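Reading the structure
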Amino acid sequence: MEVSRAMKRDWIATARTLSEALPYLQRHAGATVVVKFGGHAMGDSEAMAGFARDIVLMKQCGLHPVVVHGGGPQINEMLAKLGIVSEFVDGRRVTDEKTVEVVEMVLAGLINKRIVQALNAQGGRAVGLSGKDADLIVCEKALTWSRDPESNIEKVLDLGFVGEPVEVNPDVLRMFIKGDFIPVVAPVGVGRDGETYNINGDTAAGAVAGAMKAERLLLLTDVSGVKNAEGEVLTRLTAEDVDRLRASGVIHGGMIPKVETALDAIRAGVKAVVIMDGRQPHACLLELFTEHGAGTMILP
């Protein structure tokens, strides 16, 4: 086969990229990296395969990835198929007994095993878990409040089987990591009395990362990161910067719970959290193995 100049240039560029990645590979060797996988990338087969290839590469390069996933759209789809109508209180879904059964079926079954299969297809050794396995994630009922606009009185909202992690057993995950497996965790937890709880995917990932004292928590989303008032992505923030941007209203809406998760994880011992666009090809590799990174890194 005749080799064109263009092909040679591509090969040289690939070799240069690998060479430039060496210091980052050395820096992160042996590090635990928790990756929250969710958003539209999870529903696209090509994006799923690309994500799986990158995670397996991370493992091959000496890192210890732990995948925690979400699955909101898939849960909605299954509830609709089964004719289960969800009740909403102040825009929040009430998770009753029927709903939490579907949540567990979709998260710990369908989605979890799809990700495991994708990782194994790329040469990895993945194992699927939920927070109920070996009491990996123990939860209490999540409490949330709503303020009456007329009386200004706060009231507690009962959202049913929605859980807040209170204990995470990192030894379960370390056992699999020691055996050279890639753990894939579904955000379903267990209560003190054996109840099943649905956990927000970001919250579960933050709790796992904190318990593991992870080097990095990568929150893959459908946005490019935290933006300033002009709409530009901020590449690096401290906890103090986040508090200031929240107070000024620059950080608002759906980004607030993500930065709260990041700050909770950092307080628990995670060295850095990155909020990044999971739709970008090789987003995890760009963040870990290149100088410019990807998304917004939040530091203590």
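Structure's up top.
First things first, this report covers the structure right here in the doc. Everything numeric here is computed off the predicted structure, so don't read it as measured data. (Residues numbered from 1 in each chain as written. Predicted model: local features only at pLDDT ≥ 70, side-chain atom pairs only at ≥ 80, totals over all residues. Heavy atoms only, no water.)

**Some details on the packing of aromatic side chains**
- As enumerated under the stated definition, the model contains three aromatic pairs in all.
- For the pair F37 and F51, a centre-to-centre distance of 3.8 Å together with 0 degrees between the ring planes defines the contact as stacked. Of this pair, F37 sits in strand β1 (residues 32-37) while F51 sits in helix α3 (residues 45-60), placing them 14 residues apart in sequence.
- The buried category is assigned to F37, whose relative accessible area is 1%.
- By relative accessible area, which is 7% here, F51 ends up buried.
- Taken together, a centroid distance of 6.2 Å and an interplanar angle of 85 degrees make the contact between F176 and F181 edge-to-face.
- A residue is classified by how much of its surface remains accessible, and F176, at 17% relative accessible area, is buried.
- Since its relative accessible area comes to 26%, F181 is described here as partly exposed. (Phe/Tyr/Trp six-rings, centres within 6.5 Å; stacked < 30°, edge-to-face > 60°. Helix = DSSP H or I, 4+ residues; strand = E, 2+ residues; numbered from the N terminus. Buried < 20%, exposed > 50% of the residue type's maximum accessible area, 1.4 Å probe, protein only.)

**Some words on a negative patch on the surface**
- Together, E87, D96, E97 and E101 make up a region of like negative charge exposed at the surface.
- As for its position among the elements, D96 is in the loop between β4 (92-94) and α5 (97-121). (Patch = residues over 30% accessible without salt bridge, like charges linked within 9 Å, V, L, I, M, F, W, Y side chains within 5 Å. Areas by Shrake-Rupley, 256 points an atom, 1.4 Å probe, with all protein chains shown as cover. Salt bridge = Lys/Arg side-chain N within 4 Å of Asp/Glu carboxyl O. Lys, Arg positive; Asp, Glu negative; His and termini not counted. Charge placed at Lys NZ, Arg CZ, Asp CG, Glu CD.)

**What about unusual backbone geometry?**
- Positive phi, close to 50 degrees, is recorded for D135, a residue that is not glycine.
- With respect to the helices and strands, D135 occurs in the loop between β5 (126-130) and β6 (137-141).
- Even without being a glycine, K213 presents a positive backbone phi close to 50 degrees.
- Following the sequence through the fold, K213 ends up in the loop between α7 (201-212) and β13 (216-221).

**Observations regarding the pattern of salt bridges**
- Inspection of the entire model under this criterion finds 14 salt bridges.
- A salt bridge links K132 to E104; its shortest N-O distance comes to 3.0 Å. Of the two residues, K132 is situated in the loop between β5 and β6 and E104 in helix α5; the sequence distance between them amounts to 28 residues.
- With a relative accessible area of 24%, E104 lands in the partly exposed category.
- The salt bridge partner of K271 is E215, with a shortest N-O separation of 3.5 Å.

**Quick word on the environment of R192**
- With respect to the helices and strands, R192 occurs in the loop between β11 (188-190) and β12 (196-198).
- Remark: the alpha-carbon pair of R192 and V85, spanning 107 residues in sequence, is separated by 28 Å.
- At a separation of 2.9 Å, a polar atom in the side chain of R192 contacts the side chain of E167. (Polar contact = N/O pair within 3.5 Å; in protein donor to acceptor, adjacent residues only side chain to side chain.)

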